[in-house]
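# Summary of structural features
The lines below spell out each chain.
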Amino acid sequence: MWNILGYLRQSKPLPAKYSQYKYLSYYSGQEPSTAEIRARLLQSTGGSVDLEKNEETGIATLCLNHPERRNAVSGKMMVDFESAINTLENWSSGKGLIIYGHGNTFCSGGDLNMARLLSNPDDGFSMAIFMQKVLHRLENLPLISVALIEGTGALGGGSEIAVACDFRLLTSNAGGIAFVHTRLGITPAWGGCTRLVCKVGYTKALDLLATGRKVSGEEALKIGIVDGIVDSENAFTEAVEWLKIRVQSDVEVVKSLKTMARNAEVMSYDESLAEEKRLFAPLWGGPANKAALSKNIKHK
């Protein structure tokens, strides 16, 4: 395995595909194609990501299913995740999504068997490219997404999946959320650092990332990393009911509102305003608006 410390100690120049911040290694290799990355990831087998859509409620569920590894994410599961996002992007009646783990525990991060198989900077970069794209598409889905965190909690890569969702619900007895990457001698790679800083601020995020400590319960609520606590005995049902309240509007309204809010998060103020009026206009005088007007619903 390539040893950055050895190079620094010997004051030798770095290989061409590496450059440096001052005292920091930096990968500058070429980005492989998605097809190449997908083929490499599929060499890491085990587990699945199982998608179910409920046409009646408009709520889909995505199950991280690898119980013998505490739902750790293999390369094959990453490809499954991408496939599920493809389906959800084209689900016309979809309004909401719940991501949860098989067997009442969320996700223990990346599968260590995969880490051993793909243990070099080139594969690490490829995996990061793939999962950043998948989780970015998850963020941008026109569905309101919720991570239901149970059992041992959301650890490492599991925490990165959780913060890519719009909301996070924690069960009353869950281990919590922990960015444990530093314990493995790495940092987040799937966008978790960037998203955590955006959600809880620089200082809190740096503390959680540097210590790798778990946050749960009242502390998690206080710092804003989770949005609610649900009963551990009835967690999935409570999560569905929690989400139903937020997707009770017409499907076009929900999709437009989610997109509008996401734009406000990532666009400039003026860009978001410009998009807001264009997302609003088709709803004005549309079916849901006319139905509400006919019932004089605003004043009830």
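A short tour of the structure in this document, coming up. Keep in mind the model is a prediction, meaning the values are calculated, not measured. (Residues numbered from 1 in each chain as written. Predicted model: local features only at pLDDT ≥ 70, side-chain atom pairs only at ≥ 80, totals over all residues. Heavy atoms only, no water.)

## Topic: the environment of Val180
Within the secondary structure layout, Val180 lies in the loop between β9 (177-178) and α7 (192-200). Along the primary structure Val180 and Thr34 are separated by 146 residues, whereas in three dimensions their C-alpha atoms are 27 Å apart. Contacts of Val180, omitting those with residues within four sequence positions, involve Leu155, Gly156 and Gly212. (Helix = DSSP H or I, 4+ residues; strand = E, 2+ residues; numbered from the N terminus. Contact = heavy atoms within 4.5 Å.)

## Some points on the pairing of strand β5 (residues 96-101)
Counting buried positions over the 6 residues of β5 gives 5, a clear majority of the element. Here 6 bridges tie strand β4 (residues 59-65) to β5, and the two strands are oriented parallel to one another. Its bridge partner being in β5, Ile59 is matched across the sheet by Gly96. In this fold, the crossover linking β4 to β5 by way of helix α3 (residues 75-89) has right-handed handedness. (Buried < 20%, exposed > 50% of the residue type's maximum accessible area, 1.4 Å probe, protein only. Pairing = 2+ DSSP bridges. Right-handed = clockwise from strand over helix to strand, strands pointing away.)

## A few points about the pattern of salt bridges
Scanning the entire structure with this criterion turns up 14 salt bridges. With its nearest N and O atoms 3.0 Å apart, the salt bridge here joins Arg69 to Asp111. Of this pair, Arg69 sits in the loop between β4 and α3 while Asp111 sits in the loop between β5 and α4 (112-117), and the two are 42 residues apart along the sequence. Among the residues examined, Arg69 registers a relative accessible area of 29% and is labelled partly exposed. The partner of Glu219 in a salt bridge is Arg213, and the shortest N-O contact between them spans 2.8 Å. Overall, Arg213 belongs to the partly exposed group, its relative accessible area being 31%. Each of Glu139, Arg195, Arg262 and Glu265 takes part in one network of salt bridges that share partners. (Salt bridge = Lys/Arg side-chain N within 4 Å of Asp/Glu carboxyl O.)

## Observations regarding the packing of helix α2 (residues 34-41) against helix α5 (residues 121-140)
Close contact between α2 and α5 brings their axes to 10 Å; oriented N to C, the two are set at 110°. Relative to α5, the element α2 is oriented roughly perpendicular. Along its contact with α2, which presents Thr34, Ile37, Arg38, Arg40 and Leu41, the element α5 presents Asp123, Ser126, Met127, Ile129, Phe130 and Lys133. (Axes fitted to C-alpha atoms, helices over the stretch in contact; angles between N-to-C directions. Parallel < 35°, antiparallel > 145°, perpendicular 65-115°, else oblique.)

## Notes on the sheet that holds strand β3 (residues 48-54)
Reading across from one edge, β3-β4-β5-β6-β8-β10 is the order of the 6 strands in this open sheet, with mixed pairing throughout. Lying at the two open borders of the sheet, with one neighbouring strand each, are β3 and β10 (228-230). On average, each strand axis in the sheet is inclined to that of its neighbour by 25°, with strand direction left out of account. Two elements, β3 and β4, share 7 bridges in a ladder whose sense is antiparallel. Looking at β4, one finds that Asp50 is bridged to Cys63. α3 rests against β3, β4 and β5 of the sheet, and its axis sits at about 20° to β3.

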